[in-house]
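Coordinates in review
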Amino acid sequence: MELELDREYILGYGVDLGSKNEALDYISKKIISKEGAQIVTINPEMIEMGEKDERLGKILKNADLIIPDGVGIKLALRFRGIKQEQIAGIDFARSLINICADNDYSVAFVGAQEEVVNRAVENIKKETPNLNVVYKHNGYYDDEDVIIDAILAAEPKVVLVAMGVPRQEFFIDKLKSKKNDIILIGVGGSFDVWSGFTKRAPVVWQKLGLEWLYRTIKQPERFKRIFPTLPLFLFRVIIETIQLEKDY
């Protein structure tokens, strides 16, 4: 199935344009047609990491669906004259879970600490009792192949991996190489939020696209990750946009 969303490129990395519902519809069609898809929720930090790690960069660029997560991506697209809504990865993943529950699509959860993943699944099952969870495991193990074999044996339609970048992307890439008809998405710290161990930013911060700032205030150690990454990223995007307009 060809991607039905338009794709813009920022510093060589694709970003799929459209609403959250359009992206979910695309993935739903993938499930119905028994096709697999890797979903990446991209942000400036991931692009920077991808430029430093060739393997990660290739994985990010080859993803089937690349969602504009992070205000930096939204601003970069705005420089190109593109008004694109910011689609938070955690919201997209939760909506995908709802679709799975409504249609009896089996799901697997992998990542985070044992107590976190167990509580996350428990809380989600309370909200969506019909969700068919066929496998769950924490993100700490001795043999990755054992975990992948267990996932394959469970035959989930969708696998959510919460190990952080780039570990979750490497895990997903390996799983995808074993079986390419599964929907795979890296969800970072989403299990921590769903479990209740981490509090998400208030809704008003989310709507203003300032969730990243809220997390930075709550976790000052994140400052070194965001700065100077974000301003340098935007500066490079501006330069690239000027060059593209000049060439055009």
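Residues numbered from 1 in each chain as written. Predicted model: local features only at pLDDT ≥ 70, side-chain atom pairs only at ≥ 80, totals over all residues. Heavy atoms only, no water.

1. Thoughts on the packing of aromatic side chains
Here the structure, examined in full by the defined rule, presents four aromatic pairs. Plain terms: the ring middles of Tyr 141 and Phe 171 are 6.4 Å apart, the flat faces sit at 50° to each other, and that makes the pair tilted. With Tyr 141 in the loop between strand S6 (133-137) and helix H7 (144-154) and Phe 171 in helix H8 (residues 167-178), the pair connects residues that are 30 residues apart, well separated along the chain. We classify Phe 171 as buried; its relative accessible area is 0%. Of the aromatic side chains, those joined through ring pairs into one cluster are Phe 109, Phe 191 and Trp 194. (Phe/Tyr/Trp six-rings, centres within 6.5 Å; stacked < 30°, edge-to-face > 60°. Helix = DSSP H or I, 4+ residues; strand = E, 2+ residues; numbered from the N terminus. Buried < 20%, exposed > 50% of the residue type's maximum accessible area, 1.4 Å probe, protein only.)

2. Brief notes about unusual backbone geometry
Put simply, Val 165 and Pro 166 share a cis peptide bond, and its omega is 5°. In this fold, Pro 166 is placed in the loop between strand S7 (158-162) and H8. In the Ramachandran plot, Lys 34 falls in the positive-phi region, its phi being about 60° despite a non-glycine side chain. Looking at the secondary structure, you find Lys 34 in the loop between helix H1 (20-32) and strand S3 (37-42).

3. Notes on the sheet that holds S6
The parallel open sheet is built from six strands, whose spatial order is S4-S3-S8-S7-S5-S6. The open sheet has two edge strands, strand S4 (65-68) and S6, and neither has a second partner. For this sheet, the mean inter-axis angle between neighbouring strands, taken without regard to orientation, is 15°. Examined bridge by bridge, S3 and S4 share four bridges and lie parallel to one another. Note on S4: the bridge partner recorded for Ile 39 is Leu 65. On the sheet, H7 packs against strand S5 (107-111), S6 and S7 and is oriented at approximately 170° with respect to S6. (Pairing = 2+ DSSP bridges. Axes fitted to C-alpha atoms, helices over the stretch in contact; angles between N-to-C directions. Contact = heavy atoms within 4.5 Å.)

4. So, a nonpolar patch on the surface
Residues Leu 75, Phe 79, Phe 235, Ile 238, Ile 239 and Ile 242 make up a contiguous nonpolar surface patch of roughly 530 Å² in combined accessible area. Looking at the nonpolar patch, the elements that each hand over two or more residues are helix H4 (71-79) and helix H13 (229-247). The dominant element in the nonpolar patch, judged by the number of residues it contributes, is H13, at four residues. Checked against the element boundaries, Ile 238 lands in helix H13. For Ile 238, a relative accessible area of 34% puts it in the partly exposed group. (Patch = residues over 30% accessible without salt bridge, like charges linked within 9 Å, V, L, I, M, F, W, Y side chains within 5 Å. Areas by Shrake-Rupley, 256 points an atom, 1.4 Å probe, with all protein chains shown as cover. Salt bridge = Lys/Arg side-chain N within 4 Å of Asp/Glu carboxyl O.)

5. Points about helix H5 (residues 89-103)
In an α-helix, one turn spans 3.6 residues, which is why side chains three or four residues apart end up on the same side. End to end, H5 covers 21 Å across 15 residues, agreeing with the expected 21 Å (1.5 Å per residue, within 8%). Of the residues making up H5, those classed as buried are Gly 89, Ile 90, Phe 92, Ala 93, Arg 94, Ser 95, Leu 96, Ile 97, Ile 99, Cys 100 and Ala 101. Where H5 terminates, the next one or two residues include Asp 104, which has phi positive at roughly 60°. (Expected span 1.5 Å × (residues − 1).)

6. Topic: the nonpolar core
Counting 38 residues, the largest nonpolar core has Ile 27, Phe 92, Phe 109, Leu 160, Phe 191 and Trp 194 as the members making the most contacts within it. Among the elements that make up this core, the one with the highest residue count is H5 (eight residues). Not counting chain neighbours up to four residues away, the residues in contact with Phe 92 comprise Lys 20, Ala 23, Leu 24, Ile 27, Ile 39, Leu 65, Ile 67, Ile 87 and Ile 185. In this structure, Leu 56, Ala 63, Leu 77 and Leu 230 belong to the second largest nonpolar core, which totals 24 residues. (Core = buried A, V, L, I, M, F, W, Y, C linked by side-chain atoms within 4.5 Å.)

7. Looking at the pairing of strand S2 (residues 13-16)
Burial along S2 is two-sided: Tyr 13 and Val 15 facing one way and Gly 14 and Asp 16 facing the other are all buried. Counted along the chain from strand S1 (residues 7-10) to the antiparallel partner S2, the turn is two residues long, and its residue Leu 11 has a positive phi close to 55°.

8. A word on H8
For H8, spanning 12 residues, the distance from its first C-alpha to its last is 17 Å, which sits close to the expected 16 Å at 1.5 Å a residue. Buried within H8 are the following residues: Gln 168, Glu 169, Phe 170, Phe 171, Ile 172 and Leu 175.

9. Points about the pattern of salt bridges
If you walk through the whole model with that rule in mind, you get 16 salt bridges. Measuring nitrogen to oxygen at the nearest pair gives 4.0 Å for the salt bridge that ties Lys 52 to Glu 48. Taken together, the positions of Lys 52 and Glu 48, both in helix H2 (residues 44-52) and four residues apart, correspond to about one turn of that helix. Where Glu 122 meets Lys 126, a salt bridge forms, and the shortest distance between an N and an O atom there is 3.6 Å. Separated by four residues within a single helix, Glu 122 and Lys 126 lie in helix H6 (residues 114-127), roughly one turn from each other.

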